[in-house]
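Given next are the chains, with one letter for each unit.
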Amino acid sequence: KKMNEIIIKKFENPDETRIFEKGKFELVKLKDMIIGRAIYEPGWKWSLDVSPLSGTEFCEIEHYGIVLSGKATVAFPKGKTHLSCDLFFVSSDPHDSWVLGDEEYISLHFLGAEEYAK
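Residues numbered from 1 in each chain as written. Predicted model: local features only at pLDDT ≥ 70, side-chain atom pairs only at ≥ 80, totals over all residues. Heavy atoms only, no water.

A. Fine view of the overall build of the protein. Scanning the protein for helices and strands turns up two helices and nine strands. In the protein, which comprises 118 residues, the proportion classed as buried is 39%. A fraction of 56% describes how many contacts in the protein between residues 6 or more apart in sequence connect residues 24 or more apart. (Helix = DSSP H or I, 4+ residues; strand = E, 2+ residues; numbered from the N terminus. Buried < 20%, exposed > 50% of the residue type's maximum accessible area, 1.4 Å probe, protein only. Contact = heavy atoms within 4.5 Å.)

Okay, here's the thing in structure tokens:
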């Protein structure tokens, strides 16, 4: 175990970027943790823009994160939850998501980032 170890990285230089229609997902690795930054344009929708890459109809990844700007909706078969400038948890139950309004949506993902849009 290293003492006094510090790792500093910037999303401007991510370890990996996954690009899809109307958005991208950037990944930065800090030791054993991978943090993802989602940047989605207005009109982005998971089931249209990411589903073809994942091979599943809806997202099946568990997420913990925080919204930095913009607004989005997460929709389960039973209902919707709006995400805007808040911490969030979304279960791995199949769900869709899309950007609300005409503002770019940006969020950070602390769990589930490694498998997202893969």
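Okay, back to it.
B. Up close: the packing of aromatic side chains. Under the criterion given, the structure shown has four aromatic pairs. Ring centres 6.0 Å apart and planes at 50 degrees place the aromatic pair phenylalanine 20 and tyrosine 40 in the tilted group. Of this pair, phenylalanine 20 sits in strand S1 (residues 16-20) while tyrosine 40 sits in strand S3 (residues 33-40), and the two are 20 residues apart along the sequence. Pairing tyrosine 40 with tyrosine 105 gives two aromatic rings, centres 5.8 Å apart and planes at 20 degrees, and the pair type is stacked. Of this pair, tyrosine 40 sits in strand S3 while tyrosine 105 sits in strand S9 (residues 105-111), and the two are 65 residues apart along the sequence. A single burial state applies to tyrosine 40 and to tyrosine 105, both of which are buried. Taken together, the ring pairs connect Phe20, Tyr40, Trp44 and Tyr105 into an aromatic cluster. One cation-aromatic arrangement involves lysine 45 over tryptophan 98; the distance from NZ or CZ to the ring centre is 4.8 Å. (Phe/Tyr/Trp six-rings, centres within 6.5 Å; stacked < 30°, edge-to-face > 60°. Lys NZ or Arg CZ within 6 Å of the ring centre and 35° of its normal.)

C. Focus on the side chain of serine 91. Tracing the chain through its elements places serine 91 in the loop between strand S7 (87-90) and strand S8 (96-100). At 3.3 Å, the side chain of serine 91 and the backbone nitrogen of aspartate 93 are in polar contact. Residues contacting serine 91, with those up to four places away along its chain left out, are Ile61, Glu62 and Phe76. (Polar contact = N/O pair within 3.5 Å; in protein donor to acceptor, adjacent residues only side chain to side chain.)

D. View of the pattern of salt bridges. In total, this model carries six salt bridges according to the counting rule given. Glutamate 26 is the salt-bridge partner of lysine 24, the closest N and O atoms lying 3.4 Å from each other. Here glutamate 26 falls in the buried class, since its relative accessible area comes to 5%. When the shortest N-O distance is used, the salt bridge between lysine 45 and aspartate 96 registers 3.9 Å. One end of the pair, lysine 45, is in the loop between S3 and helix H1 (46-49); the other, aspartate 96, is in strand S8, with 51 residues separating them in the sequence. Aspartate 96 sits in the buried class, given a relative accessible area of 6%. Three or more residues are tied together by salt bridges with common partners; here these are Lys24, Glu26 and Arg37. (Salt bridge = Lys/Arg side-chain N within 4 Å of Asp/Glu carboxyl O.)

Geometry only, nothing functional implied.
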